[in-house]
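Listed below are the residues making up each chain.
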Amino acid sequence: MLLGIRKLPRSWAGCEMPGGGRCPDCGSTELVEDAHYSQSQLVCSDCGCVVTEGVLTTTFSDEGNLREVAYSRSTGENEQVTRSQQRGLRRVRDLCRVLQLPSTFEDTAVAYYQKAYQHPGIRAARLQKKEVLVGCCVLITCRQHNWPLTMGTICTLLYADLDMFSGTYMQIVKLLGLDVPSLCLADLVKTYCSSFKLFQASPSLPAKYMEDKEKMLSRTLQLVELADETWLVTGRHPLPVITAAAFLAWQSLQPSARLTCSLAQFCKWANVDLPYPASSRLQELLAVLLRMAEQLAWLQVLKLDKRSVVKHISDLLQHRHTLIRKAFREGTLEAEAPEKELQGRGPGQGQGKEEVGNSASELPEGKRPASPALLLPPCMLKPPKRVCPAPPASTVTGDENISDSEIEQYLRTPQEVRDFLRAQAAGQAATSNPNPP
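Structure report, in brief. (Residues numbered from 1 in each chain as written. Predicted model: local features only at pLDDT ≥ 70, side-chain atom pairs only at ≥ 80, totals over all residues. Heavy atoms only, no water.)

**Quick word on the overall build of the protein chain**
Defined as follows: Runs of E in the DSSP output that reach at least two residues are strands. Runs of H or I that reach at least four are helices, and both are numbered from the N terminus. In what follows, a contact means two residues having at least one pair of non-hydrogen atoms within 4.5 Å. Here, Shrake-Rupley sampling with a 1.4 Å probe gives the accessible areas, and only protein chains in the shown set may cover a residue.
Of regular secondary structure, the protein chain possesses 21 helices and 4 strands. Long-range contacts, defined here as pairs at least 24 residues apart, represent 61% of the contacts in the protein chain between residues at least 6 apart. Summing over all exposed atoms, the protein chain offers an accessible surface of approximately 27600 Å²; the carbon and sulfur share of this is 54%.

**Considering the nonpolar core**
Where we set the bar: Note on terminology: a nonpolar core comprises buried Ala, Val, Leu, Ile, Met, Phe, Trp, Tyr and Cys residues joined through side-chain atoms within 4.5 Å. Here's how the labels work: a residue is buried when its accessible area is under 20% of the maximum for its type, exposed when over 50%, partly exposed in between, all with a 1.4 Å probe on protein chains only.
Grouped together as the largest cluster of nonpolar side chains are 52 residues, with contacts concentrated most on F196, L226, L248, F266 and L316. At the level of elements, α9 (185–193), α10 (213–229), α11 (238–253), α13 (263–270), α14 (278–293), α16 (313–318) and α17 (320–344) are the ones that each hand at least two residues to this core. If near-sequence neighbours (up to four positions away) are discounted, L226 is found in contact with L285, V288, L289, M292, L317, R320 and I324. The next biggest cluster of nonpolar side chains, apart from the first, holds 35 residues, and it includes Y113, L133, Y169 and V180.

**Comments concerning the side chain of R219**
The test is simple: In this charge count, Lys and Arg are treated as positive and Asp and Glu as negative; neither His nor the chain ends contribute. Only one rule defines a salt bridge in this text: a Lys or Arg side-chain nitrogen within 4 Å of an Asp or Glu carboxyl oxygen.
Structurally, R219 is set in helix α10. Buried charge without a salt bridge: R219, with D315 as the nearest opposite-charge side chain at an N-O distance of 8.2 Å. With near-sequence residues (within four places) excluded, R219 lies in contact with A249, S252, L253, I313, S314 and L317.

**Considering the side chain of R320**
Structurally, R320 is set in helix α17. Residue contacts for R320: discarding those within four places in its chain leaves Q222, E225, L226, E229 and M292.

**Quick notes on the pattern of salt bridges**
Overall, the coordinates contain 11 salt bridges when judged by the stated rule. Among the ionic pairs, E131 bridges to R87, the shortest N-O distance being 3.3 Å. Here R87 lies in helix α3 (residues 83–98) and E131 lies in helix α6 (residues 127–144), a separation of 44 residues in the sequence. Ionic pairing is found between R291 and E294, a salt bridge with its closest N-O pair at 3.5 Å. Look at the salt bridges and you will find they share partners, linking R87, R91 and E131 into a network.

**Structural notes on the environment of L185**
Take L185: it is sitting in helix α9. Each C-alpha atom of the pair L185 and V224 lies 8.4 Å from the other, and the pair is 39 residues apart in sequence. Other than its neighbours up to four places away in sequence, L185 contacts V224, V233, P238 and I242.

**Some words on the environment of R320**
Judged by its relative accessible area of 7%, R320 is buried. Expressed as a C-alpha distance, the spacing of R320 and Q222, which sit 98 residues apart in the sequence, is 9.2 Å.

**Notes on α3**
Note: α-helices contain 3.6 residues per turn, so residues at a spacing of three or four share the same orientation. Formally: A helix is expected to span 1.5 Å multiplied by its residue count minus one.
Across its 16 residues, α3 extends 22 Å between first and last C-alpha, which sits within 8% of the 22 Å expected from 1.5 Å per residue. Tucked into the core, α3 has its buried residues touching α4 (103–117), α6 and α7 (151–158). Two residues or fewer past α3, Q100 is found with a positive phi of approximately 60°.

**Re the packing of aromatic side chains**
Basically, it comes down to this: Centres within 6.5 Å make a pair out of two Phe, Tyr or Trp rings, where for Trp the six-membered ring is used; the pair is then stacked when the planes are under 30 degrees apart, edge-to-face when over 60, and tilted otherwise.
Tallying each qualifying case throughout the model produces 10 aromatic pairs. Measuring from centroid to centroid gives 5.5 Å for Y209 and W269, while their planes differ by 50°, and the two rings are tilted. Here W269 lies in helix α13 and Y209 lies in the loop between α9 and α10, a separation of 60 residues in the sequence. Owing to a relative accessible area of 9%, Y209 belongs among the buried residues under this scheme. Taking 5.5 Å as the distance between ring centres and 55° as the angle between the ring planes, the aromatic pair formed by F247 and F266 counts as tilted.

Any functional reading would require information that these geometric values do not contain.
Take a look at the structure:
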């Protein structure tokens, strides 16, 4: 096939056809037949002008009469499919193939993209949002088929902003009226932790930091379930919780060699990004482990802290359910003890207890006694500080006029009532007779 072929309009006046014809562009008689994608074409070998095209593009009568044929009629494509939409459909298919999704997933994601593109708000959106729409349709498809895939993974592949992606995702789910189940936490743990570089031998990774994949996944999953049972996952992004749980699981498998490693160093060795709230989730998870350690008899004699408790994570997870129940029950009994003590005291003694309580509440926040029930939701342990809006400034000056209905509110004695009635009657008489004799 000749390169640089360009197509010209078919409505040429006086164009000569094959069998001794000439090129309408340069006048050359060197016309050759060329099979372009299985359709015969007559092309000028000198300038590359396409003189005629085959029957796959035009009909025989159209070729004979030199008439143009519409694009939709010649190719069967719908002209309503814009170039932007065609590019988005190709991006959906490419993303599914990069993620190695089944073919049924690709068809469903393409159908969602076509359906979402029909909405005027999506069609008129910016190109950046349309690019994000590609990932949203793929993510919705994976969630509906229980395929473990996170927003962060797609945002990394598309170089998209996470806030824009999440907003577009919720908008598409609402526009299409889809029922999208939440991602299973266990599948997310397996998918996220499988990307760690700690399971592969590498010259840059010390041997003491390498770990067996199955052991680490099993312990990480147990720690994530513990965090879920103690309200550390509710309302939180799951990746920081999983990162903190994976770090503790990795340390507890060889505590002697790994206790000196920090969370940031662990993420560096694992070749993953450190989520910002992961350090807070780590401290909350360690506080739960310390509370559980207080319920074990052989650990009560040890003065454990947030560093040494990592050595006993295996024992704590083995008796996880019993220790959590005991910690909850103990916290409830300790919280109810002051109330029963107040009920048992007399009136005078109760007043003294109230004064003691008031004095304790006036202590600085750092010196107040810690709450006994540590296994409460974080929103109850550290309630958010709500700033009450200041009342609007009063604009009352005292010079405002007082209506007759409001004057009655200021009358207190019978004499004031009689004086007011007398003055009111005199005012009405003066009004009815403006010109007295």
